[in-house]
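Residues per chain, in single letters:
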Amino acid sequence: MHELSIATSIVEIACRHAAGRRVTRVQLKVGYLRQVVPSALTFSFELVADGTSAQGASLDIEAVPASGICLQCGAQSALDAFPLQCSACGGFLLRIVAGEELIVESLELEEQEIGTHSG
Ligand SMILES: [Zn+2]
């Protein structure tokens, strides 16, 4: 389940940027070729975030469609199924131009720092 390792990276990135503040929302861009299952990623994120600054943060996952440029005919195709194939000539040699993203697009943080006591 590779969603767990992705979730771990997201939480690490979020906590580093938060620098002690509480993370309320994480916006993520995930390319189609990453083959991430959003529900599994959300579940993993909640698991990993537990006890960190990102605990309770909501995770927004934006799917990025894949596309590639054919090395044989130069056409650009949307790649929405496997195997990845040029829609113009049927070639399999493609330069991927989108769909491999895995980016923390933005973070929303709470204004005040987390104190040593809460409530
Ligand atoms: Zn082609």
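Above this text is the structure in question.
Residues numbered from 1 in each chain as written. Predicted model: local features only at pLDDT ≥ 70, side-chain atom pairs only at ≥ 80, totals over all residues. Heavy atoms only, no water.

**Student:** Describe the pairing of strand E3 (residues 66-70), listing the residues and the values that go with them.
**Tutor:** Most of E3 sits out of view: four of its five residues are buried. Between E3 and the antiparallel strand that follows it, strand E4 (residues 76-79), lie five residues; Gly74 among them carries a positive phi value of about 85°. Pairing between E3 and strand E5 (residues 94-98): four bridges, direction antiparallel. Bridge pairing links Ser67 to Ala98 in E5. (Buried < 20%, exposed > 50% of the residue type's maximum accessible area, 1.4 Å probe, protein only. Helix = DSSP H or I, 4+ residues; strand = E, 2+ residues; numbered from the N terminus. Pairing = 2+ DSSP bridges.)

**Student:** A description of the coordination of the zinc ion should follow, citing residues and the corresponding values.
**Tutor:** Taken together, the protein ligands of the zinc ion are Cys70 (SG), Cys73 (SG), Cys86 (SG) and Cys89 (SG), with distances of 2.3 to 2.4 Å. Each of the four donor atoms bound to the zinc ion contributes to angles spanning 104 to 117°, and the resulting shape is tetrahedral. Donor residues for the zinc ion, ordered by position in the chain, follow C-x2-C-x12-C-x2-C. (Donors = N, O, S within 2.8 Å, 3.2 Å for Na, K, Ca; no water. Tetrahedral: all angles 85-135°; square planar, octahedral: opposite > 155°, others 65-115°.)

**Student:** Requested: an account of the nonpolar core, with residues and values cited.
**Tutor:** Counting 17 residues, the largest nonpolar core has Ile10, Val23, Val26, Leu28, Leu41, Phe45 and Leu59 as its most contacted members. In this structure, Ala66, Leu79, Cys86 and Leu94 belong to the second largest nonpolar core, which totals seven residues. (Core = buried A, V, L, I, M, F, W, Y, C linked by side-chain atoms within 4.5 Å.)

**Student:** Break down the environment of Gly31 for me, citing the residues and quoting the values.
**Tutor:** Relative to the helices and strands, Gly31 resides in strand E1 (residues 21-31). According to the relative accessible area criterion, Gly31 is buried, its value standing at 2%. Sequence separation between Gly31 and Ser87 is 56 residues, and the spatial gap between their C-alpha atoms is 19 Å. In this view, Gly31 contacts Val64, Gly99, Glu100 and Glu101; residues no more than four positions away in its chain are not counted. (Contact = heavy atoms within 4.5 Å.)

**Student:** How would you explain the side chain of Ser77 if you had to name every residue and give the values?
**Tutor:** Looking at the element boundaries, Ser77 is found in strand E4. The exposure class of Ser77 is buried, given its relative accessible area of 2%. Of the polar contacts made by the side chain of Ser77, one reaches the backbone nitrogen of Ser87; its length is 3.0 Å. Apart from residues lying up to four places away in sequence, Ser77 is in contact with Ala66, Ser67, Gly68, Gln85, Cys86, Ser87 and Ala88. (Polar contact = N/O pair within 3.5 Å; in protein donor to acceptor, adjacent residues only side chain to side chain.)

**Student:** Now, about the pairing of E4: what can you tell me, with residues and values included?
**Tutor:** Burial along E4 is one-sided: the face carrying Ser77 and Leu79 is buried and the face carrying Gln76 and Ala78 is not. Direction of pairing for E3 relative to E4: antiparallel, over a ladder of four bridges. Following the sheet pairing, Ala66 is matched in E4 by Leu79.

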